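This is what each chain is made of:
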Amino acid sequence: MKGFTVRRVFLPLLLLLFIGNSSVIAQLKYNFSQFEDETWSFIKQPARWEGSDWLKLGLTGVGTFLVMQADQPIRDAVQRNHEYSKSAPVEFGRIYGELYSPVVLFGGFAIHSLLTNDGGTKKIAYEIGQASLYAGATTYLLKMAIGRARPYTNEGHTSFHPFSNLFFKQDYQSLPGGHTTVAFVLSTVLSRNAQSDWLKGIAYIPAALTFVARVYQDQHWTSDDFLGGIIGYFIATWVVDQHEQEEGRVHMSSLFPLTIRITLN
């Protein structure tokens, strides 16, 4: 019941903060045809990568490996005190990274856009759905291929069983962290669509809580969430960039002191 209470409060707040003036209608596509074209573009991206893209991939791999060296000490320290494992911030972080969170937020923004013909919330809904699907597929494939044991199995941070759990059993699906991937997808899309600088920063607080919650509740190693956060951030950034690069001009629509970018073709 607590989770549902959080969602009932959180979703209306997000809508209040991110919706634009419904009298301004953006002429945006954001349809299945566009999704199909952009999906093929996403799949073919590695073949188009430049030196800077490969550098980012290399730094991500090196960074994940380095964080792995601290996985066991961090877990040992965290597991000494579980007093706050069911506290509101920790549970909120867990809920924010659940698979239903993108569905709830997508539905909220999509319904608002349909009722008000608001192009801004249509864009947010589309990007949440699109980035979540891409990130979810990427994370799932990596989880299966890597097969890292979760910390609660007590097999240690160097235990890997590639392709040993292809479906529903999650004991060897630790790397990368799926909840944190979802959380950083949501926060990145919301941050990129917020015009206010302070709101851009605040959008990442729930994702940070998800990162902490999954380690604190012994579901992931720190390096799992490190990699999951990077995947979520970069995929969501790629999705938003595709749309902003194709937009002809940007119109600023205000709601009190908060503004959101509503784009026109």
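Our structure's up above, just so we're on the same page.
Now for a description of the structure that goes with this document. Quick caveat: nothing in here was measured; it's all calculated off a predicted structure.

Observations concerning the layout of surface pockets
Estimated volume of the largest pocket: approximately 930 Å³. At the level of elements, helix H2 (32–43), helix H3 (45–48), helix H4 (51–68), helix H8 (119–146) and helix H12 (222–246) are the ones that each hand at least two residues to the lining of the largest pocket. Sort the elements by how many residues they give to the lining of the largest pocket and H12 lands first, with 10 residues. Reported here for the second largest pocket is a volume of approximately 600 Å³. Along the wall of the second largest pocket there are 26 residues; nearest its centre are Glu98, Leu99, Gly136, Gly178 and Val182.

A word on a nonpolar patch on the surface
Residues Val62, Phe65 and Leu66 make up a contiguous nonpolar surface patch of about 310 Å² in total accessible area. Topologically, Phe65 is positioned in helix H4. Relative accessible area serves as the criterion here: at 52%, Phe65 is assigned to the exposed category.

A closer look at the side chain of Ser223
The topology assignment puts Ser223 in helix H12. Looking at Ser223, its side chain comes within polar contact range of the side chain of Arg148, at 2.7 Å. The contacts of Ser223, once residues within four sequence positions are left out, are Thr64, Val67, Met68, Asp71, Arg148 and Leu175.

Definitions and cut-offs
Every chain is numbered independently, its residues counted from 1 as its sequence is written. Local features are withheld for residues below a pLDDT of 70 in this predicted model, meaning they are given only at 70 or higher, and side-chain atom pairs are given and counted only at 80 or more; totals for whole chains, interfaces and linings count all residues. Values reported for side chains reflect all heavy atoms of the structure, with hydrogen atoms and water molecules removed beforehand. Definitions used throughout: a 1 Å grid over protein atoms alone; a cavity as a set of points that fits a 1.4 Å probe which cannot get out; a pocket as an open set with protein on both sides within 12 Å along at least five of seven lines; a lining residue as one with an atom within 4 Å of a point. Grid points are joined across faces, edges and corners, and a volume is the space filled by probe spheres set on the points. Strands are runs of DSSP state E lasting at least 2 residues, helices are runs of H or I lasting at least 4, and numbering of each runs from the N terminus. Patch building starts from residues that exceed 30% relative accessible area and form no salt bridge, then joins like charges within 9 Å and nonpolar side chains (Val, Leu, Ile, Met, Phe, Trp, Tyr) within 5 Å. In short, Shrake-Rupley with a 1.4 Å probe defines the accessible areas, and a residue's cover is counted only from the protein chains shown. Between Lys or Arg on one side and Asp or Glu on the other, a salt bridge is scored when a side-chain nitrogen of the former is within 4 Å of a carboxyl oxygen of the latter. A 1.4 Å probe rolled over the protein chains alone gives each residue an accessible area, and that area as a share of the maximum for its type sets the label: buried under 20%, exposed over 50%, partly exposed in between. Residues adjacent in sequence count toward polar contacts only when both atoms are side-chain atoms; beyond that, a polar contact is any pair of N or O atoms within 3.5 Å, and within protein one must be able to donate a hydrogen and the other to accept it. The contact definition used throughout considers only heavy atoms, calling two residues in contact when any of these lie within 4.5 Å.

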